[in-house]
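Structural overview
Listed below are the residues making up each chain.
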Amino acid sequence: MPLVLPTKLRKFRRKSLIGQIVVTLLGLELLFMSSFISLTLPTATSSNLSNYFHNRAIVVLSHLPDSWREELTEKYPNLAEPRKDVSYSLYCPQCPVAIFAGYMLGPLLGLIAASMFFALGMVGPLFGLYLFAGGGGLGYYGQPGCGYLIGMVAASWVAGRVTAPDRTSIRQLLAIVAGLGAVHVTGLTYLTALFALRGALPVAGTEPDWHDWIAEQVRNLSVYPLPYDALFSLLLVGLGFPFRWLVNTLTAPDIALKAKVQPRLEDI
């Protein structure tokens, strides 16, 4: 009887082209929807957030029984202070959605979805298609936020690449940090380079009028949104495993059976 060698354990996944197209378009739709979501949130500065939570605590305190209210007010005298002024700003969750798309779709499909979103946003207005909240178009490259949109393309790839091997908590956190870094570093670099190319850098003996403009853009596009970007990225990635499993099921429905049991010695 000839010698039968054990077969090597192998596992392969056959990719579904239709499934890949469907989930990529889904990621594109999520990015499109995120650009038109505007949340009114407290401006993310330490003093403003402190005032906001102080006002919330006063509201909660007003619904408690009198005895509890007196006890808490005595223990925390600052609760007896009147409400404080709170400033609000609009927040658009594009950055967290870009990170979520990369985590959900993987590095390649996430990159394709984010690249399609950016490309369609730039050329779409020529055909009556507006994907950017600011309108988009070929002239959008001159807008301060254009670099952040380019950074979202990088963030989708980075988030998918970091979490591609497995879905551990460490990799999820690294994906969020790397994705946020990709968006904001790219955005700030583009913002500075754009203004420099426009000839707005200071000349010897002149006032640096560009300084206030850049400072304002940095506050509005990075400093204020960054805490909310981190918060919503944590929420989306933390809740995203079922969607990731669904994407894997749609894009690779055929998983080969594991190798058969090795033959017994008496069968050799």
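Below, the discussion takes up the overall build of the chain. Counting its secondary structure elements, the chain contains ten helices and four strands. Secondary structure elements in the chain, listed N-terminal to C-terminal, are β-α-β-α-α-β-α-α-α-α-α-α-α-β. In the chain, which comprises 268 residues, the share counted as buried stands at 35%. For the chain, the share of sequence-separated contacts (at least 6 apart) that also reach a separation of at least 24 residues comes to 79%. Taken as a whole, the chain presents about 16500 Å² of accessible surface, with 66% of it coming from carbon and sulfur.

Okay, the nonpolar core next. In this structure, Ile99, Phe117 and Phe132 are the most contacted members of the largest nonpolar core, which totals 28 residues. Of all the secondary-structure elements, those providing two or more residues to this core are α1 (17-34), α4 (94-105), α5 (107-123), α6 (146-162) and α7 (169-197). Counting residues per element, this core draws most heavily on α6, at nine residues. Discounting residues that sit within four places of it in the chain, isoleucine 99 has contacts with Ala155, Ala159, Ala175, Ile176, Gly179, Leu180, Ser233 and Val237.

Moving on, we get to the side chain of serine 156. Checked against the element boundaries, serine 156 lands in helix α6. Residues within four places of serine 156 in sequence aside, it is in contact with Ala98, Gly102, Gly110, Leu111 and Ala114.

Turning our attention to the packing of α7 against helix α9 (residues 225-238). Two elements in contact, α7 and α9, have axes separated by 10 Å at closest approach and are oriented at 140 degrees. With respect to the hand of their crossing, α7 and α9 are arranged in right-handed fashion. Note on element contacts: α9 touches α7 through Leu226, Asp229, Ala230, Ser233, Leu234 and Val237, opposite Gln172, Leu173, Ile176, Leu180 and His184. Grouping the amino acids of the contact of α7 with α9 by side-chain chemistry returns seven nonpolar, three polar and one charged.

Turning next to the pattern of salt bridges. It is possible for side chains bearing opposite charge to pair when their charged atoms get close. Tallied over the entire structure, the rule returns three salt bridges. Among the ionic pairs, arginine 69 bridges to aspartate 66, the shortest N-O distance being 3.0 Å. With arginine 69 and aspartate 66 both in helix α3 (residues 66-75), this residue pair falls three residues apart, about one helical turn. Given the relative accessible area of 28%, arginine 69 is considered partly exposed. With a closest N to O distance of 3.1 Å, aspartate 166 and arginine 171 form a salt bridge.

Take a nonpolar patch on the surface next. Side chains of Phe32, Met33, Phe36 and Ile37 sit close together on the surface and give an oily, nonpolar patch of about 360 Å² of accessible area. By secondary structure assignment, the location of methionine 33 is in helix α1.

Relative to the helices and strands, alanine 98 resides in helix α4. A residue is classified by how much of its surface remains accessible, and alanine 98, at 0% relative accessible area, is buried. In contact with alanine 98, other than residues within four places in its own chain, are Leu31, Met152 and Ser156.

Moving on to the packing of α4 against α9. For the pair α4 and α9, the least separation of the axes is 8 Å and the interaxial angle reads 30 degrees. Taken together, the axes of α4 and α9 are roughly parallel relative to one another. Pair α4 / α9 crosses with right-handed handedness. Each of Cys95, Pro96, Val97, Ile99, Phe100 and Tyr103 in α4 lies in contact with α9, whose residues at this interface are Asp229, Phe232, Ser233, Leu236 and Val237.

Criteria and thresholds
Residue positions are counted from 1 within each chain, in the order its sequence is given. Predicted model: local features are reported for residues with pLDDT of at least 70 only, side-chain atom pairs are reported and counted for 80 or more only, and whole-chain, interface and lining totals are derived from all residues. Note that water and hydrogens are dropped before the side-chain values are worked out from all heavy atoms of the structure. Only DSSP runs of H or I with at least four residues qualify as helices, and only runs of E with at least two residues qualify as strands; both kinds are numbered from the N terminus onward. For each residue, the accessible area found with a 1.4 Å probe, counting protein chains only, is set against the maximum for its type, and the residue is called buried under 20%, exposed over 50%, and partly exposed in between. The contact criterion used is simple: two residues touch if any of their non-hydrogen atoms lie within 4.5 Å. Per-residue and other accessible areas follow the Shrake-Rupley method at a 1.4 Å probe size, with only the shown protein chains counted as cover for residues. Grouping buried Ala, Val, Leu, Ile, Met, Phe, Trp, Tyr and Cys residues that are joined through side-chain atoms within 4.5 Å yields what is termed a nonpolar core. To obtain an axis, a line is fitted to C-alpha atoms, over the contacting stretch when the element is a helix, and the angle between two such axes runs from 0 to 180 degrees between their N-to-C directions. Should the near helix be turned anticlockwise from the far one by less than a right angle, the crossing is termed left-handed; should it be turned clockwise, right-handed. Classes in brief: Ala, Val, Leu, Ile, Met, Phe, Trp, Tyr, Cys and Pro nonpolar; Asp, Glu, Lys and Arg charged; the others, Gly included, polar. Take a side-chain nitrogen of Lys or Arg and a carboxyl oxygen of Asp or Glu: if they are within 4 Å of each other, that pair is a salt bridge. In this analysis, a patch consists of residues with relative accessible area above 30% that form no salt bridge, clustered at 9 Å for like charges and at 5 Å for the nonpolar side chains Val, Leu, Ile, Met, Phe, Trp and Tyr. Relative orientations are named as follows: roughly parallel for angles under 35 degrees, roughly antiparallel for angles over 145 degrees, roughly perpendicular for angles from 65 to 115 degrees, and oblique for any other angle.

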